[in-house]
Amino acid sequence: MGSLLRIPFWSGAHEWAEDREAVHAALDAVAASGQWILGPEVDAFEYELATSLGVDEAVGVANGTDALTLALRAVGVRPGDHVVVPALTAVPTVAAVVAAGAVPVYADVSIEDACLDEAATDSVPDDFAALIYVHLHGRYARPLPLVTPGTPIVEDCAQALGARHDGIEAGAGGTAAALSFYPTKPLGGLGDGGAVATSDRAVAAEIRRLRQYGYDPWHAHWSHQVGGNSRLDEVHAAWLRVRIAKHAERLFARRRLATLYGMALREACAERWWALPTPHRDEVPAWYHYVVRWNDATYRRATGARQRSLVRAGLSSRGIGSAVAYAHLPPQMPPWRFGYRAGQCPVAERLADSMVSLPLWVGMTEWQVDEVVAALVAATEEALA
């Protein structure tokens, strides 16, 4: 179906056309070196990533979920501990908590940015061992006064490499941060891949041990924790080095598209139905997705997610791709409930019923943004008629 769309939800074709020659040269160099795992390309990428984030260390791992799991273990989370997680997030965030042996405790999110909400923290127990900030859709999840000094904060930056708030990069504001290089991410890789960023050298050292069965190469013995195999390979690191060199330029392109969306939607009066994402003061998003949601009046008028499905069908019939990232919250799914009760996080439940992600990828043009907006307006009119 995606091939039939004039404007797909995501395309990496433009970036690949720009990167192809450099990527081929980088991969040829890896093949000629004969080093395939944890070699000089990984070392160089880790340094370049840490430098871009303004942290002391970055450790490459196999994927973003492993990054989050290992980060939780490295900051001291142990089996049976409680970890606070926003109810609106991807399943991998919760899966990482469970993989670390911990128990997720769900908290509600803000209607404005879909990130953890200060007003919802009253329901969080006092005995949690860590808190995960998810920088959702490339927005920066602002720190909450809930956190007491010494409480580990693990940032889930899978969607937000390059976002910043008050001059601080997403990934540099907590104890450790997990990143994903899944192909559709702002810094998309060759396949799966991830990293943990931190300025705590003890945490970084523990990640390096855990990613390779618990082995400590500096002291030639095994770690006190059981590790596994979660290594970033040389081929993937070489690919990512090509892409990270252009990341700032491509973030600028994503931010320009988001600005164009905001202008076009307001001009088309789509805000009669849709609430548009507006960055907080001093926030510069990475704009992983451009996500609109039903405004208050339309949400009351719409019947659950039915009208949203009609809108998406109307977009598709006009050749426009779209997505719903979280039609169901993890705590609404049987494997991940952990005592969650319906209505416990009402804002997260409402957003799951009302958000739509519009196409936003490097290489989109202004006329394509205008076409998406025109199609959204027309599809919304039909859905709400």
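Everything here concerns the structure above.
Since we're looking at a predicted model, the values are computed, not measured. (Residues numbered from 1 in each chain as written. Predicted model: local features only at pLDDT ≥ 70, side-chain atom pairs only at ≥ 80, totals over all residues. Heavy atoms only, no water.)

**Examining helix 6 (residues 234-244)**
Put simply, the test is: Relative accessibility decides the category of a residue: with a 1.4 Å probe and only protein chains considered, values under 20% of the type maximum give buried, values over 50% give exposed, and everything between is partly exposed. By the criteria applied, helices consist of DSSP H or I runs no shorter than four residues and strands consist of E runs no shorter than two, each listed in order from the N terminus. Contact definition: two residues touch when any of their heavy atoms are within 4.5 Å. Any pair of N or O atoms that falls within 3.5 Å is considered a polar contact. Within protein, one atom must be able to donate a hydrogen and the other to accept it, and sequence-neighbouring residues count only if both atoms are side-chain atoms.
Here helix 6 lies mainly inside the structure; nine of its eleven residues are buried. Of all the positions in helix 6, only Glu234, His236, Ala237, Ala238, Trp239, Leu240, Val242, Arg243 and Ile244 are classed as buried. Looking at the packing, one finds that the buried side of helix 6 touches helix 1 (13-33), helix 2 (40-53) and helix 7 (247-267). If you check the start of helix 6, you find a side-chain oxygen 3.1 Å away from the backbone N of Val235, and it comes from Asp233.

**Side note on the layout of surface pockets**
Empty space among the atoms can be located by rolling a probe the size of a water molecule over them. For clarity, the threshold we go by: Grid points spaced at 1 Å and placed over the protein atoms alone form the basis of the search, with a cavity being a set where a 1.4 Å probe fits but cannot get out and a pocket an open set showing protein on both sides within 12 Å along at least five of seven lines. Lining residues have an atom within 4 Å of a point. Grid points are joined across faces, edges and corners, and a volume is the space filled by probe spheres set on the points. Each residue gets one of three labels, nonpolar for Ala, Val, Leu, Ile, Met, Phe, Trp, Tyr, Cys and Pro, charged for Asp, Glu, Lys and Arg, and polar for the others, Gly among them.
Considered as a void within the structure, the largest pocket measures approximately 480 Å³ in volume. In this structure, the largest pocket is lined by 27 residues; those nearest its centre are Ala90, Pro92, Ala158, Gln159 and Lys185. Partitioned by chemical class, the residues of the lining of the largest pocket number 14 nonpolar, ten polar and three charged.

**Some words on empty space enclosed by the protein**
Evaluated as defined, the whole model comprises one cavity of 30 Å³ or more. Here the largest cavity is characterised by a volume of approximately 40 Å³. As for the largest cavity, its lining consists of His137, Val291, Arg308, Val324, Ala325, Tyr326, Leu351, Ala352, Met355 and Ser357. Taken together, the elements giving at least two residues each to the lining of the largest cavity come down to helix 10 (346-354) and strand 15 (355-358). Within the lining of the largest cavity, the residues separate by chemical class into seven nonpolar, two polar and one charged.

**Some thoughts on the environment of Trp336**
With respect to the element layout, Trp336 can be found in the loop between helix 9 (306-317) and helix 10. Spatially, the C-alpha atom of Trp336 lies 8.4 Å from that of Pro104, the residues being 232 residues apart in sequence. If we ignore the near neighbours within four places in the chain, the residues touching Trp336 are Val91, Val94, Ala95, Val98, Tyr106, Pro330 and Pro331.

**Looking at the environment of Glu206**
Structurally, Glu206 can be placed in helix 5 (residues 201-210). Each C-alpha atom, one on Glu206 and one on Gln368, is 47 Å from the other, the two residues being 162 residues apart in sequence.

Shape descriptors only; they carry no functional weight alone.
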